[in-house]
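Okay, here's what each chain looks like letter by letter:
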Amino acid sequence: MDIGVISVRYARALLKSATASGDDGRVYEEMQTLVRSFIEVPELRHTIANPMLYRDKKEELLLTACGSPCDLTKRFVALVLSEGRADFLQFMAASYVTLYRKQKNLIRGKLTTAVPVSAETERNMKQMVERKTKGEVDFQTEVNPDIIGGFILEYDTYRMDASVRAKLNTILSTLKK
């Protein structure tokens, strides 16, 4: 079977169980933490795939990578390991995050600025995105002095680059013609 098909099936089952038990939000946070762990520690995937590592050690490692998991997440990790699907866990976690966001109409938004912005400005930008998307926005702000000034707003598939750096690059490319 295809990795994507397997991952989505497990993620759907987890989401259904989590929704029924009321733990869907908590499991969402734990799956995000697990995905971040796989990204930030690439050796984790290789370690989990190692057939020489005992199952209980893999389980302990994966539960640690989830943060402080709830009982449902613990049972899910145990199930995945018992079915021999540990290699797919990263994709299952990412699929869960995607399915959860779709179910809750939750959109990721990101505002990048050259300097920190006030809480009011951040709130206003978030509200603007929520009005446009008619959904709840998981909003993050990031400071990146390389953009020199202005901002970059990203959400869903939309990207608005109103940074000084982008404007300077546009002027430069126009002058090169």
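Residues numbered from 1 in each chain as written. Predicted model: local features only at pLDDT ≥ 70, side-chain atom pairs only at ≥ 80, totals over all residues. Heavy atoms only, no water.

Engineer: Would you mind going over the overall build of the protein chain in detail, with residue names and values included?
Structural biologist: Summing up its helical and strand segments, the protein chain has eight helices and four strands in all. Counting from the amino terminus, the protein chain carries its helices and strands in the arrangement α-α-α-α-α-α-β-α-β-β-β-α. For 177 residues, the compact-globule estimate of 2.2 N^0.38 gives 16 Å, and the protein chain exceeds it by more than 25% at 20 Å. Along the first, second and third principal axes, the C-alpha set of the protein chain runs to 60 × 35 × 30 Å. (Helix = DSSP H or I, 4+ residues; strand = E, 2+ residues; numbered from the N terminus. Rg over C-alpha atoms; globule rule 2.2 N^0.38 Å.)

Engineer: Explain the packing of helix H4 (residues 55-65) against helix H5 (residues 71-82) to me, using residue names and the numbers behind them.
Structural biologist: Relative orientation of the contacting elements H4 and H5 amounts to 140 degrees, with a least axis distance of 10 Å. In terms of orientation, H4 and H5 fall into the oblique class. Relative to H5, H4 is oriented so that their crossing is right-handed. Contacts between H4 and H5 pair Arg55, Lys58, Glu59, Leu62 and Leu63 from the former with Thr73, Lys74, Val77, Ala78, Leu81 and Ser82 from the latter. Class assignment for the residues of the contact of H4 with H5 results in five nonpolar, two polar and four charged. (Axes fitted to C-alpha atoms, helices over the stretch in contact; angles between N-to-C directions. Parallel < 35°, antiparallel > 145°, perpendicular 65-115°, else oblique. Left-handed = near helix turned anticlockwise from the far one by under 90°. Contact = heavy atoms within 4.5 Å. Nonpolar A, V, L, I, M, F, W, Y, C, P; charged D, E, K, R; others polar.)

Engineer: Requested: an account of the pairing of strand S1 (residues 106-113), with residues and values cited.
Structural biologist: Among the eight residues of S1, six are classified as buried, and the element is accordingly described as predominantly covered. As paired elements, S1 and strand S2 (residues 136-143) share eight bridges and run parallel to each other. Looking at the pairing, Gly109 lines up with Phe139 of S2. Sheet topology places S1 next to strand S3 (residues 150-155); five bridges connect them, and they run antiparallel. Each bridged residue has a counterpart across the sheet, and for Thr113 the counterpart in S3 is Phe151. (Buried < 20%, exposed > 50% of the residue type's maximum accessible area, 1.4 Å probe, protein only. Pairing = 2+ DSSP bridges.)

Engineer: Kindly report on the packing of aromatic side chains, identifying the contributing residues and their values.
Structural biologist: Enumeration over the complete set of coordinates arrives at four aromatic pairs. Centroid distance Tyr10 to Phe76: 6.4 Å. Interplanar angle 70 degrees. Geometry classified as edge-to-face. Of this pair, Tyr10 sits in helix H1 (residues 3-21) while Phe76 sits in helix H5; the two residues are 66 residues apart in sequence, bridging distant segments of the chain. The burial state of Tyr10 is the same as that of Phe76; both residues are buried. Ring centres 6.3 Å apart and planes at 20 degrees place the aromatic pair Tyr96 and Tyr100 in the stacked group. Highlighted residues: Tyr96 and Tyr100, both in helix H6 (residues 89-104), separated by four residues, approximately one helical turn. With relative accessibility at 0%, the residue Tyr96 sits in the buried group. (Phe/Tyr/Trp six-rings, centres within 6.5 Å; stacked < 30°, edge-to-face > 60°.)

Engineer: Quick one: what's the story with the sheet that holds S3, residue by residue and with numbers?
Structural biologist: Strand order in this open sheet of four strands is S2-S1-S3-S4, and the pairing throughout is mixed. Each of the sheet's edge strands pairs with one partner strand only, and the pair in question is S2 and strand S4 (158-163). Averaged over all pairs of adjacent strands, the angle between strand axes in this sheet comes to 15 degrees, irrespective of strand direction. Lying over the sheet, helix H7 (residues 119-133) contacts S1, S2 and S3, oriented at roughly 140 degrees with respect to S2.

Engineer: Mind laying out helix H2 (residues 24-40), listing which residues take part and the relevant values?
Structural biologist: Look at H2: 24 Å from first C-alpha to last across 17 residues, which is about the 24 Å you get at 1.5 Å a residue. By the burial criterion, the buried members of H2 are Asp24, Val27, Tyr28, Glu30, Met31, Gln32, Leu34, Val35, Ser37 and Phe38. (Expected span 1.5 Å × (residues − 1).)

Engineer: Just give me the short version of the pairing of S4, but keep the residues and values in it.
Structural biologist: In this sheet, S4 lies alongside S3 in antiparallel orientation, the contact comprising six bridges. Looking at S4, one finds that Glu154 is bridged to Arg159. In this antiparallel pair of consecutive strands, S3 and S4, the connection spans two residues, and Asp156 shows a positive phi of 50 degrees.

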